[in-house]
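The lines below spell out each chain.
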Amino acid sequence: MQRGSILYTFYSALPKDSLRGKQIGIVDGDKKHKVFEVKGFSSDEWIIEYYDVIMSVYTLYKADTVTEIPDELK
């Protein structure tokens, strides 16, 4: 996934729903395909992707420049 000039790769399912921040965008104009901030972290390093359908999960993506994983995201 790419947002601006930042390239993100899949990291894991979101460990806690309380980490989901405000919505910051959608993917390819699809209002069901949402992108959120991760509370307490820069969206230049971490983002959440969610496709709003039955049984969907929030997925955590990290920027390729991230080298240290915070404990709350492990």
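Residues numbered from 1 in each chain as written. Predicted model: local features only at pLDDT ≥ 70, side-chain atom pairs only at ≥ 80, totals over all residues. Heavy atoms only, no water.

**Student:** Sorry if this is basic, but what is going on with the overall build of the chain here?
**Tutor:** Scanning the chain from N- to C-terminus turns up zero helices and six strands. Its helices and strands in sequence order give the chain the pattern β-β-β-β-β-β, from N to C terminus. Its C-alpha radius of gyration of 12 Å places the chain within 12% of the 11 Å reference for a compact globule of 74 residues. Dimensions of the chain along its principal axes, counting C-alpha atoms only, are 30 × 25 × 20 Å. The buried share of the chain, taken over its 74 residues, is 38%. Contacts spanning at least 24 positions in sequence make up 43% of the contacts within the chain whose residues lie at least 6 apart. For the chain, the exposed area adds up to about 4800 Å²; of that, 50% sits on carbon and sulfur atoms. (Helix = DSSP H or I, 4+ residues; strand = E, 2+ residues; numbered from the N terminus. Rg over C-alpha atoms; globule rule 2.2 N^0.38 Å. Buried < 20%, exposed > 50% of the residue type's maximum accessible area, 1.4 Å probe, protein only. Contact = heavy atoms within 4.5 Å. Areas by Shrake-Rupley, 256 points an atom, 1.4 Å probe, with all protein chains shown as cover.)

**Student:** Please explain the sheet that holds strand β4 (residues 30–38) as it appears in this structure.
**Tutor:** Remark on secondary structure: sheet strands pair via backbone hydrogen bonds, oriented parallel or antiparallel. Taken in spatial order, the six strands of this open sheet run β1-β2-β6-β5-β4-β3, and their pairing is antiparallel. Only two strands of the sheet have a single partner each, and these edge strands are β1 (2–3) and β3 (20–27). By the bridge criterion, five bridges tie β4 to strand β5 (residues 46–51) in an arrangement that is antiparallel. Among the inter-strand pairings, Val35 is bridged to a residue of β5, identified as Glu49. (Pairing = 2+ DSSP bridges.)

**Student:** What is the right way to look at the nonpolar core in this model?
**Tutor:** Grouped together as the largest cluster of nonpolar side chains are 19 residues, with contacts concentrated most on Val38, Trp46, Ile48, Leu60 and Leu73. Secondary-structure elements contributing two or more residues to this core are β2 (6–13), β4, β5 and β6 (59–63). It is β5 that provides the largest number of residues to this core, a total of four residues. If sequence neighbours within four positions are ignored, Ile48 has contacts with Leu14, Leu19, Arg20, Lys34, Val35, Phe36, Glu37, Val38, Tyr58, Thr59 and Leu60. (Core = buried A, V, L, I, M, F, W, Y, C linked by side-chain atoms within 4.5 Å.)

**Student:** Just checking my understanding: could you explain unusual backbone geometry for this structure?
**Tutor:** What is expected of a backbone is that most residues other than glycine have negative phi and most peptide bonds are trans. At Asp28, a residue that is not glycine, the phi angle is positive and equals roughly 50°. By secondary structure assignment, the location of Asp28 is in the loop between β3 and β4. In the Ramachandran plot, Met55 falls in the positive-phi region, its phi being about 70° despite a non-glycine side chain. Here Met55 is to be found in the loop between β5 and β6. Given a relative accessible area of 77%, Met55 falls into the exposed group.

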